[in-house]
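A structural walkthrough
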Amino acid sequence: MLQLQNVHTYYGNIHALKGISLEINQGEIVTLIGSNGAGKSTTLRTISGITPPRTGQVLFEGKPLNSVPAHKIVSQGISQSPEGRRIFANLTVRENLEMGAFTRNNKSEIASDMDRVFELFPRLKERVAQRGGTLSGGEQQMLAIGRALMSRPRLLLLDEPSMGLAPVLVDLIFEIIQNINSQGTTILVVEQNALMALGIAHRAYVLQTGAIVKAGDAATLREDEDVQKAYLGME
Amino acid sequence: MPNTQRYVKTGGIGFAVGAFFLWNYPNLGIGAALLGGLVIAALCLLYSAPLPDMIKAGLIAGMFGAVMTIVYGTDKPGVAIIAGMLSGLGAGLLVFQRSPQANPKKAAILGAEAGAIAGAWTALALLLTAFVIAPAAGVDAGEFAEHLSETVIFADALGLGSDILILLFAFAFSTLSAAILGAAACAARSLPLRPNIPLLAVIALPVLLIPLIDRAGNLLLLDALIPIYIFILLALGLNIVVGYAGLLDLGYAAFFAIGAYTTAMLSSPHLGINLSFWLVIWVAAAVAAIAGLTLGAPTLPLRGDYLAIVTLGFGEIVPILFRSLGGGPPSGTLTLRFFGMPIGIEQVDLTGGNKGINPISPPHLPFIGDFEPSNKIPWYYLLIVIMGLAIFFINRLRDSRQGRAWMAMREDELAADAMGINVVRTKLLAFSMGAMFSGFGGAFYGAFIGAIFPSSFDFSVSIILLCMVILGGLGNMTGVIIGGLLIQGADKMFIPKGAELFRDIANERASATGSSTVGVSALQDLTQQRLLLFGIVLVVMMLVRPEGLLPNERRKAELHPDDDTINSNSVAAEAESDPSLAA
Ligand SMILES: Nc1ncnc2c1ncn2[C@@H]1O[C@H](COP(=O)(O)OP(=O)(O)OP(=O)(O)O)[C@@H](O)[C@H]1O
Ligand SMILES: [Mg+2]
């Protein structure tokens, strides 16, 4: 479904992605793990057009995305819940979700998708009229994911959905991610919490200073000694 | 607020105002200054006192009617009729703002009470003018009686021979019309309609009646009202850029200038092009919109302070450009060198330089003919039509996808991008839409004044417009209109007229005591201190109520995060009880 072929991305002179190649198949959950500054967020930003690659190819369903501007990527079927959530703090929950559906016009479809988001996150339904900025961290994360779902993406990019959440909530969020995936959305999830991410993903890539150092089955990587040492905190 | 603190504060404000007047008008005497200060302090106390909302709303709205009556009253006591109607309308709207009613009947009663208080308050000011202020300003009883019978409408028709009868009639008329308008406004606001046509009709009624009352009483208010309305139109355009899209524009007057100059160049004998106003106004709006794009494109990556500085520069450059594009010796030759080769360009006087362009052709309509400078009524109604369309259009724009894109962009540009919003287009559209409305404003202004000068578009215009937007409440159209009425009303009606009145009183006192009036105070002219006054108002607003008088809900939330829990709970409760919100 999505292919990155030898992608190089720069921030000015900073070479952040040094030839990344990866592939995501229809219906999968793929996770990208790695330490701070490895380039995980940059990879997601490259896919969603915010920091386009300098060289290399990004292909979505066979079509190149390299020169598609960020705001047009959404209507191609990819949406992102960005790092730090970036919900609209002064808009209500409902308005935030409506913003997520900005590129769409069909009102009844939007309404039914909103219902679907409320089914996934009943907490949001209780708070439709509350301002985004006053939600708790966990609720904000739910809103960010819900907002990304409102564009009906075929590929959903999640950047650190568990960041700053209590363990119970982390479990809940990951459960919901699996739930979304089982309803047919392909997911690429970036995580610090490698253990959890490897637990729900089908496949995984390990990123280190801008390059992929390991790839494979999530279950296999979880047993991998290097991975356990570096990212799972096991000796 | 504990009582002592309240007394100290209000007393302080009163004392400051009294001192201000004493400084400006030493001839008024300490007694007058103290009295003025006491009145202000009493009003502040009333405002913060635990009184029923309807009394407060009536007093606040009535205060504007009262001030208007006092400053105009010695020459034109009939102004009390219009002032009473407007303050009644204001009271009705204000009382609903303070205590919303669901039941139209109850709302009507409440509005009638508030309106009657406002109207009576205004009418009291008329009595005060008749018996205290007019004599103090040197208008003798006979003269005042003449003004009275000339300017109070219906007085002749009703055959009211004596002055006392006319005064009583004006009192009753002002109170009654204020009560009726207040009741109608408050009741209309309680109707759950969207758009609320009855409310619009109630507001439109006095607005449409003003020229007729003005003509009947020969009040000449339209001379001040039309420029006020033009500035409100401009402020509405600026509100798109600053309020909706969150782009701080300090050079907005440039677009006003561009609209006015386009009109002047295309419909005056100056360049020999004399197109119809009805065509030119569209051209002016289009040119202004294109200028908006021209400013928007290079400033795309800029935000906040940086954008403010660039727009400030733009606002300075445009009038200078108009100044230097003309006014040279007629048909002189400008020699440029292009790679060393001299090229002679015949210099065309495009803009008339400092002298500006004069005259500009007025609009022409069948039956009415050319709009005459002496008859302001067609101008007034034309402007009302333009403003009505602008308000309608901006309202639609705000509720459209475009409006939501502006909102998202103002909140978080990157997140907006990630939602699929084209930020570049959204920004450019904000600039060009905002500029377009000042293009309409500029075209009307040029034709109305009949001449334009580069000095009419300097920095202070941009700043006053920004004050209007901020005072009323960024991002809220009603707020901007109210802010505009207050600031422009002060600028074009209350301050100049009030200064005139004070001068008359001071002169009268001086001649009574036989002292000289020359050189009493260099600052005697209040009008010279208007910018100082606006500055003070802005500073006080920023301290006391940074979200503006009638804030956009979101801005309020941004500026008062502590109130959030209360607010959001009540909103959530509302949403639960209102199925249309939750659906
Ligand atoms: N806007 C930027 N300008 C310059 N350098 C940047 C920028 N954003 C990221 N970088 C650099 O690019 C590299 C990769 O950053 P990225 O945000 O992708 O890391 P990450 O893997 O998401 O880390 P984390 O887990 O901390 O979020 C880092 O070295 C970072 O300093
Ligand atoms: Mg990151």
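Residues numbered from 1 in each chain as written. Chains lettered and ligands numbered in written order. Predicted model: local features only at pLDDT ≥ 70, side-chain atom pairs only at ≥ 80, totals over all residues. Heavy atoms only, no water.

With that settled, consider the coordination of the magnesium ion (ligand 2). Where a metal carries four tetrahedral donors, each ideal angle is 109.5 degrees; where it carries six octahedral donors, the ideal angles are 90 or 180 degrees. Residues and elements named next belong to chain A. Surrounding the magnesium ion (ligand 2) are the protein donor atoms S41 (OG) and E83 (OE), which sit 1.9 to 2.5 Å from the metal. Of this pair, S41 sits in helix α1 (residues 40-47) while E83 sits in the loop between β6 (78-81) and α3 (93-100); the two residues are 42 residues apart in sequence, bridging distant segments of the chain. For E83, a relative accessible area of 34% corresponds to the partly exposed category. (Donors = N, O, S within 2.8 Å, 3.2 Å for Na, K, Ca; no water. Helix = DSSP H or I, 4+ residues; strand = E, 2+ residues; numbered from the N terminus. Buried < 20%, exposed > 50% of the residue type's maximum accessible area, 1.4 Å probe, protein only.)

Membership of the largest hydrophobic core comes to 137 residues, with the highest contact counts inside it found for B:L221, B:W406, B:F444, B:I452 and B:L465. Ranked by residues supplied to this core, first place goes to helix α9 (residues 222-244) of chain B with 18 residues. Each of domain 1 (2-222 + 494-544 + 570-582) and domain 2 (230-472) of chain B gives at least three residues to this core. With sequence-adjacent residues up to four places away left out, B:F444 is seen in contact with B:I226, B:I230, B:F277, B:W379, B:L382, B:L383 and B:I386. Core analysis: the second largest hydrophobic core is formed by 45 residues, A:L120, A:A144, A:V189 and A:V227 among them. (Core = buried A, V, L, I, M, F, W, Y, C linked by side-chain atoms within 4.5 Å. Domains from an automatic or database assignment. Contact = heavy atoms within 4.5 Å.)

The next point concerns the site of ligand 1. Residues and elements named next belong to chain A. Around ligand 1, a shell composed of 15 residues is seen, among which K40, S41, T42, E83 and Q192 lie nearest. Between G37 and ligand 1, the recorded distance is 2.8 Å, taken from a backbone N or O atom to an oxygen atom. For ligand 1, an oxygen atom lies 2.7 Å from a polar atom in the side chain of K40. Against a free-state accessible area of 630 Å², the protein chains account for coverage of 64% of ligand 1. Mapped onto the shell around ligand 1, the elements with two or more residues apiece are β2 (14-24) and α1. Here the shell around ligand 1 gets four residues from one element, more than from any other, and that element is α1. (Near = heavy atom within 4 Å. Polar contact = N/O pair within 3.5 Å; in protein donor to acceptor, adjacent residues only side chain to side chain. Areas by Shrake-Rupley, 256 points an atom, 1.4 Å probe, with all protein chains shown as cover.)

All names here are of chain B. A cluster of acidic residues, D75, D140, E143, E146, E150, D504 and E508, forms a negative patch on the protein surface. Sorting the residues of the negative patch by element identifies α6 (141-151) and α18 (477-513) as the ones contributing at least two each. The greatest single-element share of the negative patch, amounting to three residues, is contributed by α6. Tracing the chain through its elements places E150 in helix α6. (Patch = residues over 30% accessible without salt bridge, like charges linked within 9 Å, V, L, I, M, F, W, Y side chains within 5 Å. Salt bridge = Lys/Arg side-chain N within 4 Å of Asp/Glu carboxyl O. Lys, Arg positive; Asp, Glu negative; His and termini not counted. Charge placed at Lys NZ, Arg CZ, Asp CG, Glu CD.)

A few words on the sheet that holds β2(A). The strands making up a sheet associate through backbone hydrogen bonding, with each pair oriented either parallel or antiparallel. Residue and element names in this part refer to chain A. Here four strands make up an open sheet; going across it, the order is β2-β1-β4-β5 and the pairing antiparallel. Strands with a single pairing partner mark the edges of an open sheet, and in this sheet they are β2 and β5 (63-64). Against the sheet, α1 contacts β1 (2-11), β2 and β4 (55-60), and its axis sits at roughly 110° relative to β1. (Pairing = 2+ DSSP bridges. Axes fitted to C-alpha atoms, helices over the stretch in contact; angles between N-to-C directions.)

The next subject is the domain arrangement of chain B. Residue and element names in this part refer to chain B. According to the domain assignment, chain B consists of domain 1 (2-222 + 494-544 + 570-582) and domain 2 (230-472). Domain 1 puts 15 residues into the contact, and the matching count from domain 2 is 11 residues. Summed over both partners, the interface of domain 1 with domain 2 comes to about 1,200 Å²; 78% of that surface belongs to carbon and sulfur atoms. Across the contact surface, domain 1 and domain 2 share zero salt bridges. The tally of links from domain 1 across to domain 2 stands at three residue pairs in polar contact (both at pLDDT 80 or more). (Buried area = accessible area lost by both parts, 1.4 Å probe.)

This part takes up unusual backbone geometry. Residue B:P359 follows B:N358 across a cis peptide bond; omega there is -5°. Relative to the helices and strands, B:P359 is located in the loop between β4 (341-346) and β5 (364-365). Even without being glycine, A:T209 reaches a positive phi, approximately 35°. Within the element layout of this structure, A:T209 appears in the loop between β9 (203-208) and β10 (211-217). The class for A:T209 is exposed, based on a relative accessible area of 55%.

Moving on, we come to the pattern of salt bridges. All names here are of chain A. The final tally for this structure, using the stated rule, is 17 salt bridges over all chains. Linking R154 and E61 is a salt bridge whose minimum nitrogen-to-oxygen distance equals 2.6 Å. Separated by 93 residues along the polypeptide, R154 in the loop between α6 (137-149) and β7 (155-159) and E61 in the loop between β4 and β5 bring together distant segments of the chain. Owing to a relative accessible area of 36%, R154 belongs among the partly exposed residues under this scheme. Of the residues examined, E61 reaches a relative accessible area of 35% and is grouped as partly exposed.

Residue position: A:S48 is located in the loop between α1 and β4. Those residues in contact with A:S48 that lie beyond four places of it in its chain are A:A70, A:I73, A:Q80 and A:L157.

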